[in-house]
Amino acid sequence: MVDSQLLAESKTEPMGILDKFILSNKVAVVTGGNRGLGKAMARALGEAGAHVVIAGRSRNSLEETAEELRQHRIEVLALQVDVGKEEDLDRLVNRTLETFKRIDILVNNAGISYRQPAEKISLENWDHVYKINLRSVFLLSQKVGKFMIKQRSGKIVNVGSLLSEQAVPEAIADSTTKAGIKMLTQSLALEWAQYNIQVNAIGPGYFRTDMMEPLYQNPAQHSMVINRLSIKRWGKPEDLQGAIIFLASAASDYMTGQVLYIDGGWLAG
Amino acid sequence: MSKTYLEKMFSLEGQVVAITGGGGVLGGALAVGLSQAGAKIAVLNRTQKKADRIVNEIKKIKGTAMAFSADVLDKKNMENAIQSIIKEFGMVDVLINCAGGNQPTATASDQLRFMDIPQEPMQAVLNINFLGTFIPCQVFAQFFSEKKVGHIINISSMAALRPLTKVVAYSAAKSAVNNFTQWLAVHLSQNYSSSIRVNAIAPGFFLTEQNRFLLTDEKSGELTARGKTIIAHTPLARFGEAEELVSTALWLLSPASRFVHGTVIPVDGGFSAFSGV
């Protein structure tokens, strides 16, 4: 029986609880870790002690980000990867295992946004958004998951969106794939709980990143967001850093299948 | 190096945290855990003795805490409590609403049909869980709105997201707490300050004084059929540990979470993600 006295006495060190967030010697793979939200998350994981593998398409930004992380004494492997290509995903997994021997944390962050009215979006564009935002997340999770199942531990963090929960105009491909991320997260959580793998997602609201810059610069869109948000500002990439450490660490060991919305109160009202 | 970064991100050094129901199992665990992260804790409880016990635990580990006798259903009483907290600690930064609970007479069972549940215990459970959150929020919101900054965490329940069989009053009351969390988040930031945050944690199954009679056999301590059903329905196949709520609260209270607002965070071992089949 749980008893508060026993609970209180089971704590030995005064700062023990913060140790749950430590990621020392953990190996984290972050897709799209070279820029935007992925870069901020890679930095946070590294600062918390993890070795970080950043995978992205642009060689230049990969090198820049890797250099920046190394300046903060983070061990980094940067790999040029197109998550739309299965052979690239295999290479990502193999190179990570060759270098670090394990994968503890997978952050499926790479994604694209394609905004067009539903009646105009081409099948080619629809398929492309699906391939990057959902298919690649399934494939990489499956590849890394096989390893985590053998390892009997792992943390997978997917990046959903407030669009996982709510539709907005002219974003049908983004929204449908991000809603898919929510169900993929729940399904993997359910199937892999028995292997001590926790699968959760982060659902960012409106964040100012390279990808969202056109919306940020559009006066109508910008004020729509500010007016709706009671917190009165767009999110900054560093607003995800606490959540990623939480979900990647033992601090969240009893949480699985959830989406943490980090949206400045958007979904609340 | 990583420790310093994490301390900066998650430490509560110098902050004052008030916890209602701080003498209970989960409230007490939150009190002890958050004090380990550096917070000064005001342990509020209707029964002072229970609060004292938690304060002693905190002092044993060299933390700072003080017990306050306070009834969450008595506004005047809560106003006196916040005055005493401010007098003792000079400040209060965080309110955690952990007071709440269920009772067998507001729970349908083989012995008590839904049609026969008396109004009085029904009302009592609605009161302690909903009004017992609402009233402390009113009192602390007054202070937070003057200061233009503050943080409230309501402790909701999995029962709010997925009504549990038998547990009628508690499920309804906690559901109201979720709705109120969203309402209050928007209301306070729209009218007072965008630096006042309101969120909730929805614990799944943790053994507590309130649910022990449903989940374990009084005599043998073995899981009841219901306890077994819950474990079978929890993908992680175990009850939660109180410190897993502490780490969730630390994440929510961190400055790194300042864009997290109006949310309800389930900590339920996957219970709510699982259809049961």
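Residues numbered from 1 in each chain as written. Chains lettered and ligands numbered in written order. Predicted model: local features only at pLDDT ≥ 70, side-chain atom pairs only at ≥ 80, totals over all residues.

Of the residues lining the interface, 51 residues belong to chain A; the matching set on chain B comes to 56 residues. For the side of chain A that touches chain B, the element with the most residues is helix H10 (residues 241–248) of chain A, which contributes 5 residues. The class makeup of the residues in the side of chain A that touches chain B is 27 nonpolar, 17 polar and 7 charged. (Contact = placed C-beta atoms within 7 Å. Helix = DSSP H or I, 4+ residues; strand = E, 2+ residues; numbered from the N terminus. Nonpolar A, V, L, I, M, F, W, Y, C, P; charged D, E, K, R; others polar.)

In terms of nonpolar packing, the biggest core is built from 177 residues, with Ala28, Leu45 and Ile244 of chain A together with Leu30, Val43 and Ala249 of chain B touching the most fellow members. The dominant element in this core, judged by the number of residues it contributes, is helix H5 (residues 119–147) of chain B, at 9 residues. Sequence-distant contacts of Val43 of chain B, defined by excluding residues within four places in its chain, comprise Ile19, Gly22, Gly23, Ala31, Ala51, Ile54, Val55, Ala65, Ala67 and Phe68 of chain B. (Core = buried A, V, L, I, M, F, W, Y, C linked by C-beta atoms within 7 Å. Buried ≥ 20, exposed ≤ 12 C-beta atoms within 10 Å, placed from the backbone.)

Moving on, we get to the sheet that holds strand E6 (residues 196–203) of chain B. Residues and elements named next belong to chain B. Here 7 strands make up an open sheet; going across it, the order is E3-E2-E1-E4-E5-E6-E7 and the pairing parallel. Two strands bound the open sheet, and with one partner strand each, they are strand E3 (65–69) and strand E7 (264–267). Strand-to-strand twist across the sheet, computed as the mean angle between neighbouring axes with direction ignored, equals 20 degrees. Strand direction decides the pairing type here: strand E4 (residues 94–97) and strand E5 (residues 150–155), joined by 4 bridges, are parallel. Bridge pairing links Leu95 to Ile152 in E5. (Pairing = 2+ DSSP bridges. Axes fitted to C-alpha atoms, helices over the stretch in contact; angles between N-to-C directions.)

Note on placement: Gln194 of chain A falls in the loop between helix H7 (172–192) and strand E6 (197–204). Along the primary structure Gln194 of chain A and Arg152 of chain A are separated by 42 residues, whereas in three dimensions their C-alpha atoms are 8.7 Å apart.

Time to look at the sheet that holds strand E3 (residues 76–80) of chain A. Residues and elements named next belong to chain A. With respect to topology, 7 strands assemble into an open sheet ordered E3-E2-E1-E4-E5-E6-E7, the strand pairing being parallel. Every interior strand has two partners, whereas the edge strands, E3 and strand E7 (259–262), have only one. Each neighbouring strand pair of the sheet contributes to a mean axis angle of 15 degrees, computed without reference to strand direction. Strand direction decides the pairing type here: strand E1 (residues 27–31) and strand E2 (residues 51–56), joined by 5 bridges, are parallel. When the bridges of E2 are listed, Val30 appears paired with Ile54. Packed onto the sheet, helix H4 (residues 59–71) meets E2 and E3 and runs at close to 175 degrees relative to E3.

These results come straight from atomic positions and should not be treated as a statement about function.
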